[in-house]
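Observations on the three-dimensional arrangement
Here is how the chains run, residue by residue.
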Amino acid sequence: MDSAIACAVQERLLELCRRDGITVNKMCTRAAVPQSSINNFMNQKTHSIGIINLKKLIDSFDMTITEFFDAEVFRTLEQELK
């Protein structure tokens with residue numbers, strides 16, 4: 001995952017945690033994902049979260065993938081040409 005995209009995903013997850021008044025660890029518990037993996041991602045020790053873990057996290061907020069990515073943080077990302 002590109003570092004800019006990873007940062008945007010991190011920011012979105014933190015935004016949702018603040019919205020629900022929960023910690024990152026509580027989010028992991030709700031989603032039944034490994035806290036160590038998510039903490040490494042959130043602390044930028046890795047830029048990879050894994051699509052299955054991301055989907056579980058999104059589901060824990062009772063939202064669709066489309067709703068998750070329909071946020072200002074993703075709309076402002078610069079498009080990369082490859």
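Just above sits the structure.
Now for a quick tour of the structure. (Residues numbered from 1 in each chain as written. Predicted model: local features only at pLDDT ≥ 70, side-chain atom pairs only at ≥ 80, totals over all residues. Heavy atoms only, no water.)

Observations regarding the packing of aromatic side chains
Worth spelling out the cut-off: Think of it this way: a Phe, Tyr or Trp ring, Trp meaning its six-membered ring, pairs with another when their centres are within 6.5 Å, and the plane angle makes it stacked under 30 degrees, edge-to-face over 60, tilted otherwise. To sort residues, take the accessible area from a 1.4 Å probe on protein chains only and compare it with the maximum for the residue type: under 20% means buried, over 50% means exposed, and anything in between is partly exposed.
In this structure the tally under the stated criterion is 3 aromatic pairs. Their ring planes at 90° and their centres at 5.0 Å tell us that Phe 68 and Phe 69 sit as a pair that is edge-to-face. Considering the side-chain rings of Phe 68 and Phe 74, the 5.8 Å spacing of their centres and the 50° angle between planes classify their relative orientation as tilted. This pair shows no difference in class: Phe 68 is buried, exactly as Phe 74 is. Cluster of aromatic residues (ring-pair linked, three or more members): Phe 68, Phe 69 and Phe 74.

Some points on the side chain of Gln 10
Filter applied, for reference: Under the scheme used here, helices are H or I runs from DSSP no shorter than 4 residues and strands are E runs no shorter than 2 residues, and both carry numbers assigned from the N terminus. In protein, a polar contact requires one atom able to donate a hydrogen and another able to accept it; more generally it is a pair of N or O atoms within 3.5 Å, and residues adjacent in sequence count only if both atoms are side-chain atoms. Should any heavy atoms of two residues lie within 4.5 Å, those residues are counted as being in contact.
Counting through the fold element by element, Gln 10 comes out in helix α1 (residues 3–20). Judged by relative accessible area, which is 5%, Gln 10 ranks as buried. There is a polar contact of 2.6 Å between the side chain of Gln 10 and the backbone oxygen of Phe 41. If we skip the residues at most four places from it in the chain, Gln 10 touches Phe 41, Met 42 and Gln 44.

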